[in-house]
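Fold and geometry: a report
These are the residues of each chain, in order.
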Amino acid sequence: MTGPAPGGPVPPPMPKFAAAARPALADTGLRRTLRGATATLRERTAAAAAETADWEDLREAGRAVGEGALLGLDTHLEELERAVTEAGGTVHWAVDAADARRVVTGLVRETGATEVVKSASLATREIGLNDALAGMGVTVRDTALADMAVQFAGDEPSHLLSAAAHRDRAQIGELFRREMPAAGPDPAGDPEDLAAAARAHLRERFLRAQVAITGANFLVAETGTVVVVESEGNARMCLTLPETLICVAGIDKVVPAWDDMEVFLQLLPRSSTGDRMTPYVSSWTGVTPGDGPRAFHLVLLDNGRTRALADEIGRAALRCIGCSACLNVCPVYERTGGQPYGPVHPGPIGAILTPQLRGVESAAVASLPYASTLCGACADVCPVKIDIPDVLVHLRGAVVESRRRRPVPTPEMALMRGLAWTMADPRRHETALRRGVRWARLLSRGGRIRRLPGLLGMWTEARDLPAPPAESFRAWWNRTRR
Amino acid sequence: MRVALSVACFDDALFPGTGRAVTALLERLGHEVTFPPGQTCCGQIHWTSGYHREAADLARAYTAAFAGGDVVVAPSASCAAAVRDAHPKIARAARDPGLARAAEGLAVYELTEFLVDVLGVVDVGAYFPHRVTYHPSCQSLRTLGIGDRPLRLLRAVKGIDLVELPAAQECCGFGGAFAMKNADVSVAMVADKIRHVRETGADVVCAVDGSCLAHIGGALSRLRSGVRTMHLAEILAETGPS
Ligand code: SF4
């Protein structure tokens, strides 16, 4: 048998966050698009939370249910497998991305299909499924509007919910006109026109598709149900029309009971788009003769999640329900967009999830926990109360610990150790302070320092530092009060 | 009341006026101020940069320096936040129950919390006839939750023309090591912050965190904007020609 090795493509090396952010920062149009989109969503979600009287109780319930689900994950997963199997579906376990690609490409190959329809899914992005399928000659049709735009443009997605958040309407209109000439929308990129054009284009593809691949927002263990929450209805088409349905989801998507959906279905729409309910909430359980797909496969993906689960502080990230509220309030994301965070998980949640899933050995992934001022705006809005700054600091600790094991300390490590050694003793500190002040005053002119050497030079690239006064506070105190 | 003053390492060297202003202010209100000489740094920089072992050493030194039992007042929201919020976490990461107990034993207040909640004063008798805007730093706002205490204190200042800062709650982009490691994003953030400061027409922008003020002030200074930064305490310490 021919066909590509299911190991799939090796992702290209990722640059560090600071370097990856530079093009985005310089892109005026992107900055405007992001500023507008995040501001609108911030307002809408804040209003939705404000009008919900028991919002804080709901968040607390979301936190508690999520934490409970993770603590009992082993039993919930077994229950899920049982329930899916009883309902006529098949559960596949995938330890990592390569394993998951192998399972899915194998399932698609068995059907003989040459084309699959797909709805938006982070898990399939995480395992690099599109490329793996393309590599075996299968055409992948992404069916969410934003994913279509990304696919047409050959871009990387940039937002959890709206993969094309980095493109404005006119650009998307242009892409659609180019790629779907028959159904071309008007040049202004009016949203309704775009949607109508895409609908006409997609309808025919849905009807002829043999295989559909979707993600899942939630997996209900007790009933074996896949729950998909979406705005456009394309995922519902995927769930219902094709013969074979393959659903790929992280093991962290499991919730114990159907009743838990009550909490999450209130939290998710309000936190993601500011709506009280998302237009399409579909739940799908196994196979039903005469209705919907004849084969249902659930691929459960670990890919670093059990490692994250073992980390008492880090595992909070696995509670994420993918609402993207943390992206929309993040002052860093607002200026850089999603791409500098790497190919899968953007924004503050990406900064705490990616390092846990992929490990912090690479410099690029290790730069993610540092891509935050720790301002805390994300933790304020997270509907399941993930303390993102807390996890960021924890992961920074993991980065430093991993660097301690290297034979030669980095300049930063030498500096930080030296600083701590000096400051741990008042007398050493005082001597160093006196020297530092004298040294800094030599660098200053007219009361300000315009250029600093070494690591501190990054500060003075665009900001001055005041020259320290000749007398420190403690010197003043000792002179006047002692 | 006897108050142990905690001065941020940063302020000690760069902004000694902050500690002097707090001393003057609290003495004017009739309290005794001490400066425990063993203090150096709360460990925040090391903690947030990931140097957790070093942060534990510094936290131990800090709690030892302030073990005297006096109420601790820190005119730096991020230091107060580090001591109150981070020290227990540092102790946990270092598996040091002794440090955890010592951290728990400290009563640390950020300056405006101390004035409003402990002393119960809002009008401290200050006079400052200038146009002022206030930047609520992230640590003061989110970690400590000091709310509008600084604004209440400022509103009671005689002669002041207090103007609201647009998008006040947005981070200035400092974030400790972030300002260096992600200098470009940091500058993009402070650019918006100083645009908002300029929009108010204020002569002075104040805050309760020297580090944020150094950042905002550093950008204002580079652009020769003519706007000054001051710690809130320096405004509260000013008295009129009476
Ligand atoms: S971390 Fe919280 S706010 Fe961010 S996407 Fe996940 S659930 Fe939403």
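Residues numbered from 1 in each chain as written. Chains lettered and ligands numbered in written order. Predicted model: local features only at pLDDT ≥ 70, side-chain atom pairs only at ≥ 80, totals over all residues. Heavy atoms only, no water.

1. Considering the overall build of chain A
Of regular secondary structure, chain A possesses 22 helices and twelve strands. Taken over the C-alpha atoms alone, chain A extends approximately 90 × 55 × 55 Å along its principal axes. A separation threshold of at least 6 residues defines the contact pool for chain A, and within that pool the share at least 24 residues apart is 73%. Split by element, the accessible area of chain A, about 20900 Å² in all, is 54% carbon and sulfur. Charged side chains of chain A number 57 positive and 56 negative; the gap between the two group centres comes to 13 Å. (Helix = DSSP H or I, 4+ residues; strand = E, 2+ residues; numbered from the N terminus. Contact = heavy atoms within 4.5 Å. Areas by Shrake-Rupley, 256 points an atom, 1.4 Å probe, with all protein chains shown as cover. Lys, Arg positive; Asp, Glu negative; His and termini not counted. Charge placed at Lys NZ, Arg CZ, Asp CG, Glu CD.)

2. Looking at the sheet that holds strand S5 (residues 131–134) of chain B
All names here are of chain B. Pairing within the open sheet is parallel, and its four strands lie in the order S6-S5-S7-S8. The open sheet has two edge strands, strand S6 (161–163) and strand S8 (228–231), and neither has a second partner. Going from strand to strand, the sheet's axes swing by 35 degrees on average, the running direction of each strand aside. Relative to S6, S5 runs parallel, the two sharing three bridges. (Pairing = 2+ DSSP bridges. Axes fitted to C-alpha atoms, helices over the stretch in contact; angles between N-to-C directions.)

3. Comments concerning the site of the ligand
In the vicinity of the ligand lie 14 residues, with Cys320, Cys323, Ser324, Cys326 and Cys382 of chain A positioned nearest. The residue inventory of the shell around the ligand, partitioned by class, reads twelve nonpolar, two polar and no charged. (Near = heavy atom within 4 Å. Nonpolar A, V, L, I, M, F, W, Y, C, P; charged D, E, K, R; others polar.)

4. As for the sheet that holds strand S1 (residues 2–5) of chain B
What holds strands together in a sheet is hydrogen bonding between their backbones, with the strands either parallel or antiparallel. Residues and elements named next belong to chain B. With parallel pairing, four strands are arranged side by side in an open sheet as S2-S1-S3-S4. Looking at the sheet topology across the chains shown, the edges are occupied by strand S2 (32–34) and strand S4 (108–110). Put simply, the sheet's adjacent strands are angled 35 degrees from each other on average, direction ignored. The sheet contacts of helix H7 (residues 111–118) involve S1, strand S3 (71–74) and S4, and relative to S4 the element is tilted by about 100 degrees.

5. As for the domain arrangement of chain B
All names here are of chain B. Its domain assignment divides chain B into domain 1 (2–118) and domain 2 (131–237). Each of domain 1 and domain 2 has a C-alpha centre, and the two are 22 Å apart. Listed by partner, the interface residues are 25 residues for domain 1 and 22 residues for domain 2. At the junction of domain 1 with domain 2, the criterion picks out one salt bridge. The salt bridge partner of Arg149 is Asp117, with a shortest N-O separation of 2.9 Å. Here domain 1 and domain 2 share eight residue pairs in polar contact (both at pLDDT 80 or more) between them. Secondary-structure elements contributing two or more residues to the side of domain 1 that touches domain 2 are helix H1 (9–14), helix H2 (16–28), helix H5 (77–93) and H7. Of the residues in the side of domain 1 that touches domain 2, the class split is twelve nonpolar, six polar and seven charged. (Domains from an automatic or database assignment. Salt bridge = Lys/Arg side-chain N within 4 Å of Asp/Glu carboxyl O. Polar contact = N/O pair within 3.5 Å; in protein donor to acceptor, adjacent residues only side chain to side chain.)

6. Some thoughts on unusual backbone geometry
Residue and element names in this part refer to chain A. Of note, Asn303 is a non-glycine position whose phi angle comes to about 50 degrees, a positive value. Inspection of the secondary structure puts Asn303 in the loop between strand S10 (295–301) and helix H13 (305–309). For Asn303, a relative accessible area of 16% corresponds to the buried category. Unusually for a residue other than glycine, Leu374 sits at a positive phi of about 60 degrees. Secondary-structure assignment places Leu374 in the loop between helix H17 (363–367) and helix H18 (377–381). (Buried < 20%, exposed > 50% of the residue type's maximum accessible area, 1.4 Å probe, protein only.)

7. Observations regarding the side chain of Glu230 of chain A
Residues and elements named next belong to chain A. By secondary structure assignment, the location of Glu230 is in strand S6 (residues 225–230). At 2.9 Å, the side chain of Glu230 forms a polar contact with the backbone nitrogen of Ala235. Residues contacting Glu230, with those up to four places away along its chain left out, are Ala235, Arg236, Thr278, Pro279, Tyr280 and Ser282.

8. Some points on the pattern of salt bridges
Applying the stated rule across the entire model yields 46 salt bridges over all chains. Residue Arg92 of chain B pairs with Glu312 of chain A through a salt bridge whose shortest N-O separation is 3.4 Å. Taken as a pair, Arg92 of chain B in helix H5 and Glu312 of chain A in the loop between H13 and helix H14 (325–329) lie in two separate chains rather than in one. Taken as a pair, Arg92 of chain B and Glu312 of chain A share a single burial class, namely exposed.

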